Amino acid sequence: MSFGSTGYDVAHLLGGGVLLLSFVLLYQRRLDAVINAFAVQGALLAAAAAWQGYSQNNGELYVTAALAFAAKAVLIPLALRLLLRRLGLHRTMETALGVGPSLLAAAALVGLAVMVVLPATAGQAQALTRENLALALSVVMLGMLMMIARRNAVSQVIGLLSLENGLILAAVGVQGMPLVVELSTAALVLMLALVAGIVVFLLRDRMATLDTESLSRQRGEGEAP
């Protein structure tokens with residue numbers, strides 16, 4: 001099934017919504033608000049995958065959409081909320097980079113993604129596929145920025161999971177991408193998130209904080225000679 005103008009607009013709306021939530025993740029400074037934004041991003045990602053499944057007449061993408069919704073919009077946010085409740089964390093996060101500079105850096109990264117993807121794929125793919133890849137790369141780069149710009153270990157895990165959302169958005173936007181590639185990519189990043197979750201517990205138990213800046217102080221970095 002080919003995209004009409006409505007299908008094209010809906011695909012752009014959903015992909016743009018996923019990207020917009022990446023900006024929201026960078027803007028929020030409370031952990032509970034970050035988790036809520038991540039859940040909404042997961043729901044939009046699932047909707048984008050389902051729409052691509054309908055547009056491409058690909059039933060495998062419905063499986064991707066269902067898994068993305070169950071994991072990203074329900075299970076992972078629920079687990080993170082339980083983690084916050086167990087650790088008693090509902091406070092404002094410390095940032096390595098302020099909200100304003102983070103958003104400016106995010107805008108620059110989106111511009112860079114567009115400048116890299118669109119010329120590189122000119123004449124090699126449909127316009128919608130090229131633009132989906134630009135949106136997906138932007139989400140990936142903003143997830144990496146969140147991991148760098150936030151000191152709290154939980155927010156860094158969410159940045160990693162948001163980065164994975166960009167990878168899935170790229171996979172579902174490319175027609176004919178095998179389901180096994182999408183699932184293996186998702187499984188790899190989820191395994192990394194699981195390891196990061198274990199690190200969160202160890203950091204909390206050993207140092208009574210989730211601020212990763214304390215690791216630098218523990219190693220003696222940043223101290224006056």
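Residues numbered from 1 in each chain as written. Predicted model: local features only at pLDDT ≥ 70, side-chain atom pairs only at ≥ 80, totals over all residues. Heavy atoms only, no water.

Looking at an unreviewed UniProt entry, one finds the protein named Hydrogenase-4 component E, with Falsiroseomonas oleicola as its source organism. UniProt, in its Subcellular location (unreviewed entry) section for the protein, records the words "Cell membrane". (UniProt positions renumbered as here; feature names shortened; annotations may be inferred.)

1. Description of the packing of aromatic side chains
The full count for this structure, using the stated rule, is one aromatic pair. Judged by centre distance (5.4 Å) and plane angle (40°), the ring pair of Trp51 and Tyr54 falls under tilted. Residue Trp51 and its partner Tyr54 are both found in helix H2 (residues 31–56); the two are separated by three residues, about one turn of the helix. Of the residues examined, Trp51 reaches a relative accessible area of 22% and is grouped as partly exposed. (Phe/Tyr/Trp six-rings, centres within 6.5 Å; stacked < 30°, edge-to-face > 60°. Helix = DSSP H or I, 4+ residues; strand = E, 2+ residues; numbered from the N terminus. Buried < 20%, exposed > 50% of the residue type's maximum accessible area, 1.4 Å probe, protein only.)

2. A few points about empty space enclosed by the protein
Empty space among the atoms becomes visible once a probe the size of a water molecule is rolled across them. Tallied over the entire structure, the rule returns one cavity of 30 Å³ or more. What the largest cavity holds in volume is close to 60 Å³. Every residue lining the largest cavity is listed: Ala11, Leu14, Gly15, Ala48, Trp51, Gln52, Asn132, Leu169, Val172 and Gly173. Only helix H1 (5–27), H2 and helix H6 (153–173) provide two or more residues apiece to the lining of the largest cavity. Within the lining of the largest cavity, the residues separate by chemical class into six nonpolar, four polar and no charged. (1 Å grid on protein atoms, 1.4 Å probe; cavity = no way out; pocket = protein on both sides within 12 Å on 5 of 7 lines; lining within 4 Å. Points joined across faces, edges and corners; volume = space filled by probe spheres on them. Nonpolar A, V, L, I, M, F, W, Y, C, P; charged D, E, K, R; others polar.)

3. Considerations on the UniProt feature "transmembrane region" (unreviewed entry) in the protein
Those residues carrying the UniProt feature "transmembrane region" (unreviewed entry) are residues 6–27, 34–55, 61–84, 96–121, 133–150, 157–177 and 183–203 in this numbering. Secondary structure across residues 34–55 divides into 100% helix and 0% strand, with the first and last C-alpha atoms of the span separated by 31 Å. Span residues 133–150 is 94% helix and 0% strand, its end C-alpha atoms 26 Å apart.

4. Here's the deal with the packing of helix H3 (residues 60–87) against H6
It is at 12 Å that the axes of H3 and H6 come closest, and there the two elements cross at 175°. In terms of their interaxial angle, H3 and H6 are classed as roughly antiparallel. Side by side, H3 and H6 meet where Leu61, Thr64, Lys72, Ile76, Leu80, Leu83 and Leu84 of the first sit next to Val154, Ile158, Leu161, Glu164, Asn165, Ile168 and Val172 of the second. Taken together, the residues that form the contact of H3 with H6 break down as 10 nonpolar, two polar and two charged. (Axes fitted to C-alpha atoms, helices over the stretch in contact; angles between N-to-C directions. Parallel < 35°, antiparallel > 145°, perpendicular 65-115°, else oblique. Contact = heavy atoms within 4.5 Å.)

5. Side note on the nonpolar core
Ranked by internal contacts, the top residues of the largest apolar core, which has 38 residues, are Leu25, Leu80, Val154, Ile158 and Leu169. For this core, the secondary-structure elements that each account for two or more residues are H1, H2, H3, helix H4 (99–120), helix H5 (127–149) and H6. Here the element with the most residues in this core is H2; it accounts for nine residues. In this structure, Leu25 is in contact with Val34, Ala37, Phe38, Gln41, Met146, Arg150, Ile158 and Ser162, ignoring residues within four places of it in sequence. (Core = buried A, V, L, I, M, F, W, Y, C linked by side-chain atoms within 4.5 Å.)

6. Observations regarding the side chain of Ser22
By the secondary structure assignment, Ser22 is in helix H1. Each residue touching Ser22, except ones within four places of it in the same chain, is listed here: Gln41, Val139, Leu142 and Ser162.

7. Description of unusual backbone geometry
Phi is positive for Asn57, close to 55°, though the residue is something other than glycine. For Asn57, the location among the structural elements is in the loop between H2 and H3.

8. With respect to a nonpolar patch on the surface
A contiguous nonpolar patch, built from Phe69, Val74 and Leu75 and spanning about 270 Å² of accessible area, is present on the exposed surface. Among the secondary structure elements, Leu75 is positioned in helix H3. Of the residues examined, Leu75 reaches a relative accessible area of 52% and is grouped as exposed. (Patch = residues over 30% accessible without salt bridge, like charges linked within 9 Å, V, L, I, M, F, W, Y side chains within 5 Å. Areas by Shrake-Rupley, 256 points an atom, 1.4 Å probe, with all protein chains shown as cover. Salt bridge = Lys/Arg side-chain N within 4 Å of Asp/Glu carboxyl O.)

9. A short note on the confidence of the model for the protein
Residue-level pLDDT values for the protein average 78, and 69% of them are 70 or greater. Ranking the elements of the protein by mean pLDDT puts helix H8 (residues 213–218) last with 52 and H2 first with 91. (pLDDT = per-residue confidence, 0-100.)

10. What to know about the pattern of salt bridges
Tallied over the full model, the rule gives two salt bridges. With a closest N to O distance of 2.8 Å, Glu164 and Lys72 form a salt bridge. With Glu164 in helix H6 and Lys72 in helix H3, this residue pair connects regions lying 92 residues apart in the sequence. The burial state of Glu164 is the same as that of Lys72; both residues are buried.

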